[in-house]
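# Architecture and fold: a report
In case you want the letters, here they are:
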Amino acid sequence: MEWQTAEDTVPSSFITDAQIRSLLGKPPATGAWRESDPPGNRRFMGIGPFTFESGQSLPFVRMAYETWGELNADASNAVLIEHALTGDSHAVGEAGDGHPTSGWWQGIIGPGKAIDTDRWFVVVPNMLGGCQGTTGPASAAPDGEAWGPRFPFTTIRDQVTAQAVFADKLGIERWAAVIGGSMGGMNALEWAVSYPDRVERLAVIAAPPVTTADQVALNSVQLEAIRTDPLFHGGDYYDAADGEGPHRGLALARRMALLNYRSPDELNARFARSWQSDINPLGAGGRFAVESYLDFHGNKFTRRFDANSYITVVQAMNSHDVGRDRGGVATALERVTARTVVVGIDTDRLFPVEGQRVIAAGIRGNIDAGHAVVIRSEYGHDGFLIEDELIGEQLTRLLAE
Ligand SMILES: CC(=O)SCCNC(=O)CCNC(=O)[C@H](O)C(C)(C)COP(=O)(O)OP(=O)(O)OC[C@H]1O[C@@H](n2cnc3c(N)ncnc32)[C@H](O)[C@@H]1OP(=O)(O)O
Ligand SMILES: N[C@@H](CCO)C(=O)O
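Residues numbered from 1 in each chain as written. Chains lettered and ligands numbered in written order. Predicted model: local features only at pLDDT ≥ 70, side-chain atom pairs only at ≥ 80, totals over all residues. Heavy atoms only, no water.

### What to know about the domain arrangement of the chain
Taken domain by domain, the chain holds domain 1 (10-211 + 322-400) and domain 2 (215-315). Each of domain 1 and domain 2 was reduced to a C-alpha centroid, and the two centroids are 24 Å apart. Contacts between domain 1 and domain 2 engage 38 residues on the former and 35 residues on the latter. Of the roughly 3000 Å² buried between domain 1 and domain 2, counting both surfaces, carbon and sulfur atoms make up 57%. Across the contact surface, domain 1 and domain 2 share one salt bridge. Between Asp-382 and Arg-262 there is a salt bridge whose closest N-O contact spans 3.6 Å. The interface formed by domain 1 and domain 2 includes 10 residue pairs in polar contact (both at pLDDT 80 or more). When grouped by side-chain class, the residues that make up the side of domain 1 that touches domain 2 number 19 nonpolar, 14 polar and five charged. (Domains from an automatic or database assignment. Contact = heavy atoms within 4.5 Å. Buried area = accessible area lost by both parts, 1.4 Å probe. Salt bridge = Lys/Arg side-chain N within 4 Å of Asp/Glu carboxyl O. Polar contact = N/O pair within 3.5 Å; in protein donor to acceptor, adjacent residues only side chain to side chain. Nonpolar A, V, L, I, M, F, W, Y, C, P; charged D, E, K, R; others polar.)

Here is the structure:
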């Protein structure tokens with residue numbers, strides 16, 4: 001069967017993988033197939049065929065997104081929020097009805113909140129390569145099977161290019177603000193460098209200008225944990241019986257990642273040397289409470305994330321270098337015209353504040369005259385998801401003018 005674009009197959013408003021398989025006369029997929037049914041609050045938009053930086057292409061890409069607030073008549077109040085590595089479009093709202101987690105920025109977005117939905121039209125898309133509705137490795141290819149390891153290598157620039165097409169289709173020429181933390185901050189920065197005329201305000205939170213060797217190294221052991229899981233099968237695990245897949249490898253990758261999401265002081269203060277369930281971990285079969293905490297988060301993660309998608313988005317983070325093919329970071333940052341705030345977290349050991357200081361110094365529209373705002377938090381990198389008041393204050397300053 002010839003592959004067709006969204007426009008000439010099914011309504012571009014909503015296409016599930018099950019519908020794609022059904023169009024091809026295939027039964028619904030079984031096994032470790034991460035499908036975004038039911039759609040919950042999500043909407044879907046086909047953005048047509050897409051060519052990646054690598055030169056590889058997909059015949060069809062679908063973006064999943066959620067919105068809050070009303071778009072005004074001249075489309076001048078649209079705010080793009082970029083989610084972090086394993087986030088999704090569900091920034092506000094409850095878990096359930098197709099959403100594996102409750103909203104990750106509930107304290108920041110809403111009526112009267114820092115990103116006030118009485119004033120702004122807030123748009124949160126799921127990233128290209130993700131697994132919560134936007135096309136990614138678990139999505140159906142033209143043959144009805146998951147793209148799996150055939151999914152193209154994806155860069156942060158690819159993600160932003162896909163979002164630019166998406167914005168065109170939404171009718172948004174210029175964002176009133178583009179805001180993101182962590183990998184979302186990489187996307188936000190890339191937007192402001194790639195499309196300076198389309199970004200009026202910019203907030204980069206807990207993200208670097210370039211992913212360093214140290215950060216690539218941390219990522220590489222995580223990817224290896226997944227690839228060495230015997231159930232990974234080179235990324236072809238979607239048809240495994242009983243939903244089997246590289247869950248152990250993925251959970252181990254998540255455990256490793258979590259260590260850089262939190263701070264040593266927090267873990268030490270919170271767990272000290274306590275035992276889980278009062279069973280001695282020193283030779284009596286027990287575990288330290290912190291080990292149980294990591295196990296919990298590792299296992300929980302496998303219930304909401306696809307391993308190939310994790311590889312894809314981690315590799316996208318590795319690709320991040322805002323100065324690549326642009327004469328270096330400083331030259332690239334000179335392109336940004338947006339009114340900007342750059343925020344770091346003092347205990348962030350994943351993306352330390354030195355990176356935010358480089359960004360802050362290079363952007364002429366920085367409202368803090370070349371400085372990054374460094375917030376104090378015991379939570380490390382994940383502070384951008386937890387410190388609503390402190391992060392909200394900075395976004396309020398940005399959006400005030
Ligand atoms: C946009 C995005 O970035 S992705 C979407 C949100 N992010 C995530 O889900 C990432 C994973 N989660 C997290 O990193 C964190 O939960 C955050 C950042 C969202 C919130 O942080 P916190 O409120 O400090 O939660 P914390 O890390 O303490 O986790 C709490 C959970 O750990 C469990 N837990 C705590 N101690 C232990 C222990 N000793 N053994 C087992 N489980 C434990 C709690 O029971 C609780 O479970 P629950 O999630 O079912 O309620
Ligand atoms: N907890 C965040 C950390 C990465 O920024 C996530 O999982 O996306």
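### Some thoughts on the pairing of strand E3 (residues 78-82)
By the criterion of burial, E3 is predominantly enclosed, with five of the five residues buried. With burial as the criterion, each face of E3 is covered, one bearing Ala-78, Leu-80 and Glu-82 and the other bearing Val-79 and Ile-81. Bridging between E3 and strand E6 (residues 121-125) involves three bridges; their strand directions are parallel. Looking across to E6, one finds that Val-79 is bridged to Val-122. Bridge analysis of E3 against strand E7 (residues 177-181) gives four bridges, and the strand direction is parallel. For Leu-80, the partnering residue across the bridge sits in E7 and is Val-178. (Buried < 20%, exposed > 50% of the residue type's maximum accessible area, 1.4 Å probe, protein only. Helix = DSSP H or I, 4+ residues; strand = E, 2+ residues; numbered from the N terminus. Pairing = 2+ DSSP bridges.)

### Considering the side chain of Thr-117
On the secondary structure map, Thr-117 appears in the loop between strand E5 (115-116) and E6. Apart from the residues within four sequence positions on either side, Thr-117 is in contact with Trp-68, Gly-69, Ile-109, Gly-110, Pro-111 and Val-122.

### Some thoughts on the site of ligand 1
Close to ligand 1 lie 19 residues, the nearest being Arg-254, Arg-262, Arg-270, Ser-292 and Tyr-293. Between ligand 1 and Gln-276 there is a distance of 3.0 Å, counted from a nitrogen atom to a side-chain nitrogen or oxygen. Note that an oxygen atom of ligand 1 is positioned 3.0 Å from one of the side-chain N or O atoms of His-297. Within the complex, the protein chains bury 66% of what would otherwise be the 1000 Å² of accessible surface of ligand 1. At the level of secondary structure, the elements contributing two or more residues to the shell around ligand 1 comprise helix H7 (264-271), helix H8 (289-302) and helix H12 (383-386). Residue contributions to the shell around ligand 1 peak at six residues, all from H8. In terms of residue class, the shell around ligand 1 is made up of eight nonpolar, five polar and six charged. Mapping the shell around ligand 1 onto the domain boundaries places at least three of its residues in each of domain 1 (10-211 + 322-400) and domain 2 (215-315). (Near = heavy atom within 4 Å. Areas by Shrake-Rupley, 256 points an atom, 1.4 Å probe, with all protein chains shown as cover.)

### Quick notes on the packing of aromatic side chains
Per the stated rule, a full pass over the model turns up 12 aromatic pairs. Judged by centre distance (4.9 Å) and plane angle (45 degrees), the ring pair of Phe-271 and Tyr-293 falls under tilted. Taken together, the residues span a long stretch of sequence, with Phe-271 in helix H7 and Tyr-293 in helix H8 at a distance of 22 residues. Side by side, Phe-271 and Tyr-293 carry an identical accessibility label, which is buried. Relative to Tyr-310, the ring of Phe-305 lies with its centre 6.2 Å away and its plane at 90 degrees, an arrangement referred to as edge-to-face. By the burial criterion, Phe-305 is buried, and Tyr-310 matches it. Taken together, Phe-50, Phe-52 and Phe-151 form an aromatic cluster joined through their ring pairs. Here the basic side chain of Arg-198 rests over the ring of Tyr-195, its NZ or CZ set 5.9 Å away from the ring centre. Of note, Arg-254 hangs over the ring of Phe-301, and the distance from its end group to the ring centre comes to 4.3 Å. (Phe/Tyr/Trp six-rings, centres within 6.5 Å; stacked < 30°, edge-to-face > 60°. Lys NZ or Arg CZ within 6 Å of the ring centre and 35° of its normal.)

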